[in-house]
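Overview (structure and organization)
Here is how the chains run, residue by residue.
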Amino acid sequence: MLRAGIIGCGGITERRHGPVLASLSDHVKIEALADLAQERTELMGGKLGVATEHLYTNWENMLAQEELDLVHICTPHHLHEPQAIAAMKAGAHVFLEKPIATSLEEVDRMIAVAEQTGRKLTVGHNQLFSSVHRVTMEQIRSGVIGEVFLVRSEGFGSSHVVGRGINQQWRTQTKPGGGGALIDNGYHQVYNAIDYTGSPAVRVYARIGRHVHDIQVEDTALVLIEHASGATTSLQVGWSALAGAVGVNEILGTKGQIRFGGGETPVSVWRKDTGKWTQPIVEAEGPDELGFPVVVRHFIDAIENNGEVPVSGAEGRHILATVLAAYESGRSGQSVKVDTYE
Ligand SMILES: NC(=O)c1ccc[n+]([C@@H]2O[C@H](COP(=O)([O-])OP(=O)(O)OC[C@H]3O[C@@H](n4cnc5c(N)ncnc54)[C@H](O)[C@@H]3O)[C@@H](O)[C@H]2O)c1
């Protein structure tokens, strides 16, 4: 039985990490929780059955006093690196929420500590494990749409906190957020696009700005990604569509097209040879689930069987490098090669 701790008892822990770990009670016992805010540890301790003596307002005390095999880190982005390193040094494997960190130096230090300690490190690219993503990838890999040459990915909302009900002001601040809509939400779109094209990012051009909200970070980011295969991703993300926006996800191939989101049926596939749209069956997920149970289970299997982690530090590093290159392009007005960051 793995003994798990969670650092950060905010929205994502309440919605996903807590319930998913609790559902895996044959493999994991949630032993301890830490959050600066005592009311959050008490709330989550009550929901997850963690006794008061295992609730901490200081995460370093939790790591010192508990014997943990696994730590989930669900905190503001600038805390990912120090908390992951300390958890691995304390002997725990680490499931880190996205983005992997806010700088590549932080990522390199984490990867080095994972190697030194022999602990496993994974990062929550959870959408790669969702039903919609899995069906989309099956379609792409079967060749029915031919070579992917363009990914259109649009993710606009009106604000960073819509409907979540927890104070997340750190997301709008440069240091704890590490950026705004792009590193927070666009990060998912980047790793998805790299999976769809099967090809890493080599160059980006971005327009990044703050137009609507009085915040430190960007509320709008438009990014063009050139992939090694020659494919292009056109990515739009923002917290700046005041009335909300239609979200489009489309993958264009030489022999067809895949579309999902934006009010369409979950996944629609158009083939040039039939001239028709079809809707492959997509297994239903719970609300807001987006691959979480699958990726957490996969990491636990990797720990138990000394297998491959679902997403490696190196994979997280490439996504962050692409995002950071986009920020640099936004500042300079020039396209930026991603490997200048790698
Ligand atoms: N994969 C996804 O779909 C997804 C969705 C939402 C959030 N996230 C990620 O999860 C992480 C947390 O986001 P959230 O939405 O839960 O934010 P949140 O603001 O709801 O929760 C963050 C929690 O961290 C706590 N915290 C802050 N500083 C701390 C410290 N020094 N020690 C201990 N706790 C501290 C806060 O008190 C808060 O309870 C971020 O990395 C975010 O990007 C991922």
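Structural data are supplied above this passage.
Residues numbered from 1 in each chain as written. Predicted model: local features only at pLDDT ≥ 70, side-chain atom pairs only at ≥ 80, totals over all residues. Heavy atoms only, no water.

Some details on the overall build of the protein
When helices and strands are counted, the protein shows 10 helices and 15 strands. Compactness check: the protein gives a C-alpha radius of gyration of 20 Å against a globular reference of 20 Å for 342 residues, within 12% of the reference. Along the first, second and third principal axes, the C-alpha atoms of the protein reach 60 × 40 × 40 Å. Every one of the 342 residues in the protein was classed for burial, and the buried ones make up 53%. Of the contacts made within the protein by residues no fewer than 6 positions apart, 69% connect residues no fewer than 24 positions apart. (Helix = DSSP H or I, 4+ residues; strand = E, 2+ residues; numbered from the N terminus. Rg over C-alpha atoms; globule rule 2.2 N^0.38 Å. Buried < 20%, exposed > 50% of the residue type's maximum accessible area, 1.4 Å probe, protein only. Contact = heavy atoms within 4.5 Å.)

Focus: the site of the ligand
Around the ligand sit 29 residues in total, of which G11, D35, H77, K98 and W170 are the nearest. Between the ligand and the protein, one listed contact pairs a nitrogen atom with a side-chain N or O atom of E97 at 3.3 Å. Calculation on the ligand without its partners gives an accessible area of 840 Å², and the protein chains cover 90% of this total. Looking at the shell around the ligand, the elements that each hand over two or more residues are helix 1 (11–23), helix 4 (80–89) and helix 8 (181–197). Ranked by residues supplied to the shell around the ligand, first place goes to helix 1 with 4 residues. Grouping the constituent residues of the shell around the ligand by class yields 10 nonpolar, 11 polar and 8 charged. Two domains each put at least three residues into the shell around the ligand: domain 1 (2–123) and domain 2 (147–253 + 319–341). (Near = heavy atom within 4 Å. Polar contact = N/O pair within 3.5 Å; in protein donor to acceptor, adjacent residues only side chain to side chain. Areas by Shrake-Rupley, 256 points an atom, 1.4 Å probe, with all protein chains shown as cover. Nonpolar A, V, L, I, M, F, W, Y, C, P; charged D, E, K, R; others polar. Domains from an automatic or database assignment.)

Some details on unusual backbone geometry
Of the consecutive residues K98 and P99, the connecting peptide bond is found in the cis state with omega at -15 degrees. Summarising the element assignment, P99 is placed in the loop between strand 5 (93–96) and helix 5 (104–117). Residue L290 is not a glycine yet carries a positive backbone phi of 45 degrees. Structurally, the position occupied by L290 is in the loop between strand 14 (276–278) and helix 9 (292–305). Look at L290 and you get partly exposed, because its relative accessible area is 32%. Here N306, not a glycine, exhibits a phi torsion of approximately 50 degrees, which is positive. Structurally, the position occupied by N306 is in the loop between helix 9 and helix 10 (313–332). The class for N306 is exposed, based on a relative accessible area of 62%.

A few points about the pattern of salt bridges
Summed over the entire model, instances satisfying the criterion amount to 16 salt bridges. R3 is paired through a salt bridge with E67; the nearest N and O atoms lie 3.5 Å apart. Of this pair, R3 sits in strand 1 (residues 2–7) while E67 sits in the loop between helix 3 (59–65) and strand 4 (70–73), and the two are 64 residues apart along the sequence. Accessibility expressed as a relative area gives 59% for E67, which makes it exposed. A salt bridge links E328 to R331, with the shortest nitrogen-to-oxygen separation between them at 3.1 Å. Here E328 and its partner R331 are both found in helix 10, 3 residues apart, which amounts to about one turn of the helix. We classify R331 as exposed; its relative accessible area is 60%. (Salt bridge = Lys/Arg side-chain N within 4 Å of Asp/Glu carboxyl O.)

Section: helix 4
Side chains that are three or four residues apart share a direction in an α-helix, a result of its 3.6 residues per turn. Of all 10 residues making up helix 4, 7 are buried, and the element is well covered by its neighbours. All buried positions along helix 4 are accounted for by H80, E81, Q83, A84, I85, A87 and M88. Where helix 4 is buried, its residues meet strand 1, helix 3, strand 4, strand 5, helix 5 and strand 6 (121–123). Immediately beyond the C-terminal end of helix 4, within one or two residues, lies G91, with a positive phi of roughly 105 degrees.

Concerning the pairing of strand 7 (residues 148–156)
Two elements, strand 7 and strand 11 (residues 249–253), share 5 bridges in a ladder whose sense is antiparallel. Paired with R152 across the two strands is E250, which belongs to strand 11. (Pairing = 2+ DSSP bridges.)

Description of the sheet that holds strand 9 (residues 220–227)
Two modes of strand pairing occur in sheets, parallel and antiparallel, and in both the strands are linked by backbone hydrogen bonds. Taking strand neighbours across the sheet as the criterion, the 9 strands line up as 14-13-12-11-7-10-9-8-15 in an open arrangement whose pairing is mixed. In this open sheet, the two edge strands, each paired with only one partner strand, are strand 14 and strand 15 (336–337). Sheet analysis places strand 8 (residues 201–209) next to strand 9, joined by 8 bridges and oriented antiparallel. Looking at the pairing, V204 lines up with I225 of strand 9. On the sheet, helix 6 (residues 131–142) packs against strand 7, strand 11, strand 12 (256–260) and strand 13 (268–271) and is oriented at approximately 180 degrees with respect to strand 12. Strands in contact with helix 8 are strand 7, strand 8, strand 9, strand 10 (232–238), strand 11 and strand 12; relative to strand 10, the strand with the most contacts, it is inclined by about 155 degrees. (Axes fitted to C-alpha atoms, helices over the stretch in contact; angles between N-to-C directions.)

Comments concerning the sheet that holds strand 2 (residues 28–34)
Spatially, 6 strands are ordered 3-2-1-4-5-6 in an open sheet, and the strand pairing comes out parallel. Edge strands, defined here as strands with exactly one partner in the open sheet, are strand 3 (55–56) and strand 6.

Quick notes on the packing of aromatic side chains
Remark: the centre distance and the inter-plane angle together describe each pair of aromatic rings, the angle taken between the planes. For the structure shown, the criterion picks out 3 aromatic pairs. Ring geometry for Y187 and Y191: centres 6.0 Å apart, planes at 80 degrees, overall edge-to-face. Here Y191 and Y187 lie together in helix 8, a separation of 4 residues that amounts to about one turn. Pairing Y196 with F260 gives two aromatic rings, centres 6.1 Å apart and planes at 65 degrees, and the pair type is edge-to-face. (Phe/Tyr/Trp six-rings, centres within 6.5 Å; stacked < 30°, edge-to-face > 60°.)

The values reported here are purely geometric and, on their own, carry no functional implication.
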